[in-house]
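Residue strings, one per chain:
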Amino acid sequence: MSYTELTEQEIIRRNSLKELENLGIETYPASEYKVDSYSVEIKKQFEETSEERPVVIAGRIMSRRIMGKASFVEIQDSKGRIQVYISRDDICEGEDKTFYNTAFKKLMDIGDIVGVEGYVFRTKTGEISVHTQKLTLLSKSIRPLPVVKSKDGKQFDAFTDPEQRYRQRYLDLIVNPQVKDTFIKRSGIINSMRSFFTNRGYLEVDTPVLQSIPGGAAARPFITHHNALDIPLYLRIANELYLKRLIVGGFEGVFEFSRNFRNEGMDRTHNPEFTCMEIYVAYKDYNWMMNFTEEMIEKVAMDVNGVTDVQLGENMISFKRPFARVRMVDAIKEHTGFDIEGMNEEELREVCKKLNMDVDESMGKGKLIDEIFGENCEHKYIQPTFIYDYPKEMSPLTKKHRDNPDMTERFELMVNGKEVANAYSELNDPIDQLNRFEDQLKLQERGDDEAMFIDYDFVKALEYGMPPTSGMGIGIDRLVMMLTNNSSIQDVLLFPQMKPELKEKVDSDDKFVSLGIAPEWVDLIRKAGFKTVEDLKAVDNVNKLHQTLCGLNKKHKCGLVNPTKETVTEWLS
C-alpha cells in the first residue's frame, strides 16, 4: 500500500510503530503473556473483599486521560472494561523515564493491546481500578478505531451502520461490546441442546458436507466439482438421509449440528449458509417428538435467559409448555375460509385465484398448499404453535397418517410468524419412499428446481429395514434470533454473507502517464481525489489543482520537483 493511500492518522501510527521499534520496544512480541484476572471478576471480588491483591490483565486501550506524571486508561478485555492507573515513576524505575514520557504518552494509542501487572485498588472517586507496576505493549494498532463518545449515558458517533458492522464484525465486537452477548448466548443455546440430547443417551455424529446427491430437503443446491474424481458434487442442503442411514445401522438416537447451504434468496431471515440441528430417534413418532421439542425449547430458554418469557420486537413470547397444536387444514380454513381437505390440484389453483395469489404451472399440489399457508396463515402464529398433519404432496419423506392416507404425520413449530422446527414420523416403507421420490422427479421435469433428487442408495438402506423413527430439524439461527430479540439473521451470524462491496474505479498508472504526468506524481494525484483520468480532466480550476498537488508534496515529504501551472494545464488539455 502506498503511503499516499493512507489517512493522516494511519501514517502517524506507522511512524509511531517505527519509533517504538527504534526505542527497542517489541511491538508484536511472540512470548506468552500469562493473564490471571479479568475485569468483571476483579470488580466483583474487590466489592466483596476490598483486598488489594496483585493481578495480571491484558486488553485493548479504549480511552486515555494523560495528566503529566500520571494517567488513566480504560482497558477492554474479553469480559468487560476496567480502569487502569499508570504512574511514571511506577513503570520507569531509575532516571530514564523514556518509556512513560515517550513510548506511553506519545507513541501508544487507543486500540493498542497492552498487558498490565499491578494490584487492585479504589481511587479517590470510588472507582475500582488496577494500579500499574509494569506495562507491556502486546500489539500495536496501526489503524484507528471508530471513536464512540458517551455523555450522560448517551452515545455519540456510534458504529451502527449495519453493512459496515456485518462486513467488519471484528470492529463491531470491539466498539459495540454488547454484540458479543448475542454470540455468547448462541453458544449457550447450542450447548444446552447438546446436553439435553446427550443426557438421554443420543449420539452426536458428523455427516458429509460434500454430497453426490443433494437430498433431505426441497431446495436449490450449490454445485462444485471434484477434480480428482472428475464428478460434480453438491454442498449439503440437509443431513437427514445420512442420519436415517445411521438409524438403519442400529443407533437408537443420533443428532448433528450441521452447516447447510442453499443457493436461494437472502433476506432478514435467510442466509445461504446456515446452521441446523437434526435429531432422529428410533421407535418414536411425531406425537412423542412434539412433547420432546417443547420440553427442549423450554429448557433452552431457561438455561440461556433464566425465564421462559422472551421479548421479541413488540411481542412477548412464552416458551412455557405446553405449546398450542393446530392441524394445517384447520389453520387454512380458519384464516382463509376455505376447507382444502381432499381438494385436487385444479381446485387448489382456483382457491389461489380467489385469494389473489400468484402461482405458476411448475407448482404441484403440495407447493400450492404450502403457498396458501405461507401467505395467509403462517404470520398469524405468534406464540409457539405446532402446525401438524400436512398433506402428503408436501412431505415426500414423511410417513402417511395412520388415520388419513391423504395426510402425513408431520409438524412444524411456528414462533412469531416463522417456522422454527420441522418434524416427522419418518417414512420407512422403501416402496412408498421410491414412489414419492419419483413424484418429485416429475415436478423437476415441470420446472420445479427445488424438487428433491432420487437417492437410490437411501432407498436401498430402507430396504434392509429402518425401525419406526421420528426426526426433527430446528433452525439454530432463527432460534437464536428469537431468544436474543434480534429481527435480522445477520445479527446472529458472526460473518453473514454479503453482496460484493462496490469498488471505486481507479485508472492504471499508464493512463495518467499518457497525459504527460511523471510516474512519481501519480500517487499524489490519486491522493488529491482524482482516481481516474476522467476525474482529472473534469477539473476547471487549474490554480487550485496546482496548489493542492504542491501542498501534498510538501505535507507527505515526497521531495518531488513541483510542476508549473503551465505543466498542469497541459495535463488537462
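## Considerations on the packing of aromatic side chains
Here the distance between the centres and the angle between the planes together describe a pair of aromatic rings. Per the stated rule, a full pass over the model turns up 14 aromatic pairs. Summarising the aromatic geometry, the rings of phenylalanine 197 and phenylalanine 292 are spaced 5.9 Å apart at their centres and angled 15° between planes, so their arrangement reads as stacked. Of this pair, phenylalanine 197 sits in helix H7 (residues 178–198) while phenylalanine 292 is found in helix H9 (residues 286–305), placing the two residues 95 residues apart along the sequence. Across the pair, exposure class does not vary: phenylalanine 197 and phenylalanine 292 are buried alike. Look at phenylalanine 386 and phenylalanine 411: their rings are 5.0 Å apart centre to centre, the planes differ by 75°, and that puts the pair in the edge-to-face class. Here phenylalanine 411 lies in strand S18 (residues 407–415) and phenylalanine 386 lies in strand S17 (residues 385–391), a separation of 25 residues in the sequence. Of the two residues, phenylalanine 386 and phenylalanine 411, both sit in the buried class. Ring-pair connections join several aromatic residues into one group, and the members of that group are Phe196, Phe197, Tyr202, Phe255, Phe257, Trp288 and Phe292. Positioned above the aromatic ring of phenylalanine 104 is the side chain of arginine 64, whose terminal nitrogen or guanidinium carbon lies 5.6 Å from the ring centre. If you follow lysine 79 out to its NZ or CZ, it ends over the ring of tyrosine 38, 5.5 Å from the centre.

## A look at the pattern of salt bridges
According to the stated counting rule, one finds 36 salt bridges in the structure shown. Across the salt bridge formed by glutamate 298 and arginine 321, the nearest N and O atoms sit 2.8 Å from each other. Separated by 23 residues along the polypeptide, glutamate 298 in helix H9 and arginine 321 in the loop between strand S15 (315–318) and strand S16 (324–327) bring together distant segments of the chain. Note on arginine 321: relative accessible area 38%, which makes it partly exposed. In this structure, the salt-bridge partner of aspartate 507 is lysine 511, at a minimum N-O distance of 3.9 Å. Residue aspartate 507 is classed as buried on the basis of its relative accessible area, which comes to 8%.

## Here we look at the side chain of threonine 27
Here threonine 27 is to be found in the loop between helix H1 (8–22) and helix H2 (39–49). Within polar-contact distance, the side chain of threonine 27 engages the side chain of glutamate 21 at 3.2 Å. Those residues within four positions of threonine 27 in sequence are excluded, and the remaining contacts are Leu17, Leu20, Glu21, Leu137, Leu138, Ser139 and Lys140.

## Description of the environment of arginine 325
Its place among the elements puts arginine 325 in strand S16. Taking C-alpha positions, arginine 325 is 62 Å from arginine 13, a pair spaced 312 residues apart along the chain. The contacts of arginine 325, once residues within four sequence positions are left out, are Met290, Asn291, Glu294, Phe386 and Tyr388. Side-chain polar atoms of arginine 325 contact the side chain of asparagine 291, separated by 2.8 Å.

## A short note on unusual backbone geometry
Put simply, arginine 321 and proline 322 share a cis peptide bond, and its omega is -5°. Looking at the element boundaries, proline 322 is found in the loop between S15 and S16. In the Ramachandran plot, serine 50 falls in the positive-phi region, its phi being about 55° despite a non-glycine side chain. Looking at where serine 50 falls in the secondary structure, it is placed in the loop between H2 and strand S1 (54–67). In this model, lysine 557 sits at a positive phi of 55°, which is unusual for a non-glycine residue. Turning to its location among the elements, lysine 557 is positioned in the loop between helix H19 (542–555) and helix H20 (565–572).

## Some words on a negative patch on the surface
A cluster of like negative charges, contributed by Glu346, Glu347, Asp360 and Glu361, occupies part of the molecular surface. Its place among the elements puts glutamate 361 in the loop between helix H11 (345–354) and helix H12 (365–376).

## Some details on the environment of glutamate 240
In this structure, glutamate 240 sits in helix H8 (residues 240–248). What makes glutamate 240 buried here is its relative accessible area of 4%. Along the backbone, glutamate 240 and leucine 171 are 69 residues apart, and their C-alpha atoms lie at a distance of 37 Å. Once you skip the residues sitting within four places of it in the chain, glutamate 240 turns out to touch Gly216, Glu278, Tyr280, Leu397, Tyr424 and Glu426.

## Observations concerning the environment of glutamate 450
By the secondary structure assignment, glutamate 450 is in the loop between helix H13 (430–445) and helix H14 (456–463). Sequence spacing of glutamate 450 and alanine 217 is 233 residues, and the spatial spacing of their C-alpha atoms is 8.4 Å. Not counting chain neighbours up to four residues away, the residues in contact with glutamate 450 comprise Ala218, Ala219, Arg220, Glu264 and Lys367.

## Topic: the sheet that holds S17
In space, the eight strands of this open sheet follow the order S8-S12-S13-S20-S19-S18-S17-S16, with mixed pairing throughout. With one partner strand each, in any of the chains shown, strand S8 (203–204) and S16 form the two edges of the open sheet. Direction of pairing for S17 relative to S18: antiparallel, over a ladder of six bridges. Paired with tyrosine 390 across the two strands is threonine 408, which belongs to S18. Sitting on the sheet, helix H10 (residues 328–336) touches S16, S17 and S18, and the angle it makes with S16 is about 85°.

## Quick notes on the nonpolar core
One finds Met193, Phe197, Met277, Ile279 and Ile474 to be the most contacted residues of the largest nonpolar core, which totals 43 residues. Top contributing element to this core by residue count: H9, with nine residues. Not counting the four nearest positions on each side in its chain, isoleucine 474 is found in contact with Met193, Thr275, Cys276, Met277, Met296, Ile297, Val420, Ala421 and Leu479. The next biggest cluster of nonpolar side chains, apart from the first, holds 26 residues, and it includes Ile57, Val73, Ile75 and Ile128.

So, how was this worked out
- Residues numbered from 1 in each chain as written.
- Predicted model: local features only at pLDDT ≥ 70, side-chain atom pairs only at ≥ 80, totals over all residues.
- Heavy atoms only, no water.
- Phe/Tyr/Trp six-rings, centres within 6.5 Å; stacked < 30°, edge-to-face > 60°.
- Helix = DSSP H or I, 4+ residues; strand = E, 2+ residues; numbered from the N terminus.
- Buried < 20%, exposed > 50% of the residue type's maximum accessible area, 1.4 Å probe, protein only.
- Lys NZ or Arg CZ within 6 Å of the ring centre and 35° of its normal.
- Salt bridge = Lys/Arg side-chain N within 4 Å of Asp/Glu carboxyl O.
- Polar contact = N/O pair within 3.5 Å; in protein donor to acceptor, adjacent residues only side chain to side chain.
- Contact = heavy atoms within 4.5 Å.
- Patch = residues over 30% accessible without salt bridge, like charges linked within 9 Å, V, L, I, M, F, W, Y side chains within 5 Å.
- Areas by Shrake-Rupley, 256 points an atom, 1.4 Å probe, with all protein chains shown as cover.
- Lys, Arg positive; Asp, Glu negative; His and termini not counted.
- Charge placed at Lys NZ, Arg CZ, Asp CG, Glu CD.
- Pairing = 2+ DSSP bridges.
- Axes fitted to C-alpha atoms, helices over the stretch in contact; angles between N-to-C directions.
- Core = buried A, V, L, I, M, F, W, Y, C linked by side-chain atoms within 4.5 Å.

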